[in-house]
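Understanding the architecture of this molecule
Now for the letters of each chain:
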Amino acid sequence: MTNQNRKLGSTAAWLWLILLVIILNLVQLPLLFLNHGAIGQRFVWSAIYVAGFAAVIALGLWIYRRVHLVKWQRLTRQDWWLMVKAYGFVILVEMVLGMDNSLLYHQTSTANNQAISSFMNQGTLTMVMLSLTAVLASPVIEELTFRGVLIDGCFPANMFWLPIIVSGVAFSIVHMSTNPVSWLIYAMMGGTFAYVYKRTGKLQSTIFLHGFNNLIAVGLMLLTLH
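All chains use their own residue numbering, which begins from 1 and follows the written sequence. Whole-chain, interface and lining totals are the exception, using all residues; otherwise, since this is a predicted model, local features are given only for residues with pLDDT of at least 70 and side-chain atom pairs are given and counted only at 80 or more. Side-chain calculation: all heavy atoms of the structure are included, whereas hydrogens and water are not.

1. Comments concerning helix α5 (residues 124-136)
With 13 residues, α5 extends 18 Å between its outermost C-alpha atoms, agreeing within 8% with the 18 Å of an ideal straight helix rising 1.5 Å per residue. Burial status follows relative accessibility: with a 1.4 Å probe on protein chains alone, a residue under 20% of its type maximum counts as buried, one over 50% as exposed, and anything between as partly exposed. Every helix listed is a DSSP run of H or I at least four residues long, and every strand listed is a run of E at least two residues long, numbered separately from the N terminus. For α5, every residue scored as buried is listed here: Leu 125, Thr 126, Met 129, Leu 130, Ser 131, Thr 133, Ala 134 and Val 135. Contacts are residue-level and defined by heavy atoms, with any inter-residue pair within 4.5 Å sufficient. Buried residues belonging to α5 abut α2 (39-64), α4 (111-120), α6 (138-154) and α9 (203-224). One fewer than the residue count of a helix, multiplied by 1.5 Å, yields its expected span.

2. Let's talk about the packing of aromatic side chains
The criterion for an aromatic pair is that two Phe, Tyr or Trp rings (for Trp, the six-membered ring) have centres within 6.5 Å, with stacked assigned to planes under 30 degrees apart, edge-to-face to planes over 60 apart and tilted to the rest. Enumeration over the complete set of coordinates arrives at 11 aromatic pairs. Taken together, a centroid distance of 5.8 Å and an interplanar angle of 10° make the contact between Trp 80 and Phe 208 stacked. Pair noted here: Trp 80 is in helix α3 (residues 77-105) and Phe 208 is in helix α9, with a separation of 128 residues, a long-range link. The exposure class of Trp 80 is partly exposed, given its relative accessible area of 42%. Ring plane angle 85° and centroid distance 5.0 Å describe the contact between Phe 160 and Trp 161, whose orientation is recorded as edge-to-face.

3. So, the pattern of salt bridges
The term salt bridge refers to a pairing of a side-chain nitrogen on Lys or Arg with a carboxyl oxygen on Asp or Glu at a separation within 4 Å. Counting across every chain of the model gives 2 salt bridges. Lys 202 is the salt-bridge partner of Asp 79, the closest N and O atoms lying 2.6 Å from each other. One end of the pair, Asp 79, is in helix α3; the other, Lys 202, is in the loop between α8 (180-200) and α9, and 123 residues separate them in sequence. Of the two residues, Asp 79 and Lys 202, both sit in the buried class. Across the pair Glu 143 and Arg 147 runs a salt bridge whose closest N-O atoms are separated by 2.7 Å. One end of the pair is Glu 143 and the other is Arg 147, both in helix α6 and 4 residues apart, which spans about a single turn. Residue Glu 143 is classed as buried on the basis of its relative accessible area, which comes to 0%. A residue is classified by how much of its surface remains accessible, and Arg 147, at 0% relative accessible area, is buried.

Interpretation in functional terms is not warranted from these geometric data alone.
Take a look at the structure:
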């Protein structure tokens, strides 16, 4: 697949990418209202929250289909094995850098995870909605944005390492890092997902990988809630 075969040029893809990042932050806003007002109002905000994620996923898929013209393919055994190795690498990086983060900056978890945990402590409805979207929706949106649209839409198909690096950096920027070690954790994670995507060419590989990573992270957070 070449740039000439794409329906969107790289400039348009960058603009769509920026728009997706902005909307990705806006759809989180209803979380601020899930524990205020009457029960009916809370469920209305919950519906808005879910509808927002659904709309962004639909928009992301629409854009992605215009930059990735390869037909859908099943994951192979080699793809799954690559995903397993990639997840092991992510866990190793998180362990090593997590210790550095604790020693150097006295953070037992990243600022992003602390913010999520704080929201979960605000009430049962917030905890449920945030947990569901963190595992089922956010990985889809973020992979469409930072792997699909960014890598396929903003870079030539024959480039390998540059889009991986840019994808990792962009992924880290939106995750509220407050120090260089925390920033590097998300950059390495995003870069690993990007590497898997470049190797497989199948977005579902990184969606599953990202979703599983978030599932474990959310599960550990729920165990520590008071």
